[in-house]
Amino acid sequence: MKTASVLIVVALAWLASAALAQNTSTTAPSAAPAPDTCATCGVVESVRYVEKQGKGSGVGAIAGGVVGGVLGHQIGSGHGNTAATIAGAGVGAYAGNQVEKNVKKKAYYVVSVRLDNGRRQSVTQGARPGVREGDRVKIVNGNRIALLAN
């Protein structure tokens, strides 16, 4: 009789474990919540230095033309003096325009980031950024790059 009792207990235990194995809702741990996703996190694809030529407003050309004309007028006499004045004004105007463009040029860095969601976003910075290609970053307020720990 003892053997029959033991067999019944073992059979019941086996049936109970089989029933629990089929009902995964009681044995499976609850699904962990998805980690917080960062919509502005990604990997730096490139860091480019950009130099954009300024535009002349005409002030540099006028000032250069006047200075060039004055300097040209001091050369030669008669018809040669007139030609030198005209040539000096032309060269001065061109040089003055180029100087004005150079003074107004803009230099900046463009950091291109491939976001985790697949989109690409670029951030422009005046100073050299402290990130390199392949760095994991977060874009803060749409205009700053924060380096994330890897």
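Above this text sits the structure in question.
Residues numbered from 1 in each chain as written. Predicted model: local features only at pLDDT ≥ 70, side-chain atom pairs only at ≥ 80, totals over all residues. Heavy atoms only, no water.

## Observations concerning the overall build of the chain
For the record, the criterion: Numbered from the N terminus, helices here are DSSP runs of H or I no shorter than four residues, and strands are runs of E no shorter than two. For every residue, the accessible area (1.4 Å probe, protein chains only) is compared with the maximum for its type, and the residue is labelled buried under 20%, exposed over 50%, or partly exposed between those bounds. Contact criterion: two residues are considered in contact whenever any of their non-hydrogen atoms come within 4.5 Å of each other. For accessible areas, the Shrake-Rupley method is used with a probe of radius 1.4 Å. Any residue's cover is judged against the shown protein chains and nothing else.
Scanning the chain from terminus to terminus reveals four helices and five strands. Helices (α) and strands (β) of the chain occur, in sequence order from the N terminus, as α-α-β-α-α-β-β-β-β. The buried share of the chain, reckoned over its 150 residues, is 22%. The long-range fraction of contacts in the chain, counting pairs at least 24 apart against all pairs at least 6 apart in sequence, stands at 59%. Split by element, the accessible area of the chain, about 10,800 Å² in all, is 62% carbon and sulfur.

## Section: the pairing of strand 3 (residues 120–125)
Regular strands have side chains that alternate between both faces of the sheet. Our working rule: One requirement defines pairing of two strands: DSSP has to find at least two bridges between them.
The pairing of strand 2 (residues 106–115) with strand 3 spans six bridges and is antiparallel. Bridging from a neighbouring strand, Val111 pairs with Val123 of strand 3. Counting the residues between successive antiparallel strands, the hairpin from strand 2 to strand 3 contains four residues, one of them, Gly118, with a positive phi of roughly 95°.

## Details of the sheet that holds strand 5 (residues 144–147)
Defined as follows: Every angle, taken between N-to-C directions, lies between 0 and 180 degrees, and every axis is a line fitted to C-alpha atoms, over only the stretch in contact when it is a helix.
With antiparallel pairing, five strands are arranged side by side in an open sheet as 3-2-1-4-5. Sheet topology places strand 3 and strand 5 at the edges, where each strand pairs with a single neighbour. Pairwise comparison of adjacent strand axes, ignoring direction, gives a mean angle of 40° for this sheet. The pairing of strand 4 (residues 136–140) with strand 5 spans four bridges and is antiparallel. When the sheet's bridge partners are listed, Val137 is paired in strand 5 with Leu147.

## Observations concerning the environment of Ile75
Along the chain, Ile75 turns up in the loop between helix 3 (59–73) and helix 4 (79–103). Relative accessible area serves as the criterion here: at 53%, Ile75 is assigned to the exposed category. Between the C-alpha atoms of Ile75 and Thr85, which are ten residues apart in sequence, the distance is 7.9 Å.

## Here we look at a nonpolar patch on the surface
In plain terms, the rule: The patch calculation keeps residues exceeding 30% relative accessible area without a salt bridge and links them within 9 Å when they carry like charges or within 5 Å when they are nonpolar (Val, Leu, Ile, Met, Phe, Trp, Tyr). When a carboxyl oxygen of Asp or Glu lies within 4 Å of a side-chain nitrogen of Lys or Arg, that pair is called a salt bridge.
Judged by side-chain polarity, Ile62, Val66 and Val70 come together as a nonpolar surface patch covering roughly 290 Å² of accessible area. Structurally, Ile62 can be placed in helix 3. We classify Ile62 as exposed; its relative accessible area is 59%.

## Some points on unusual backbone geometry
Despite not being glycine, Asn141 has its phi angle at roughly 55°, a positive value. Topologically, Asn141 is positioned in the loop between strand 4 and strand 5. A residue is classified by how much of its surface remains accessible, and Asn141, at 66% relative accessible area, is exposed.

## Quick look at the environment of Gly96
With respect to the secondary-structure elements, Gly96 resides in helix 4. Overall, Gly96 belongs to the buried group, its relative accessible area being 12%. Sequence separation between Gly96 and Gly58 is 38 residues, and the spatial gap between their C-alpha atoms is 8.7 Å. Those residues in contact with Gly96 that lie beyond four places of it in its chain are Gly60, Ala61 and Gly64.

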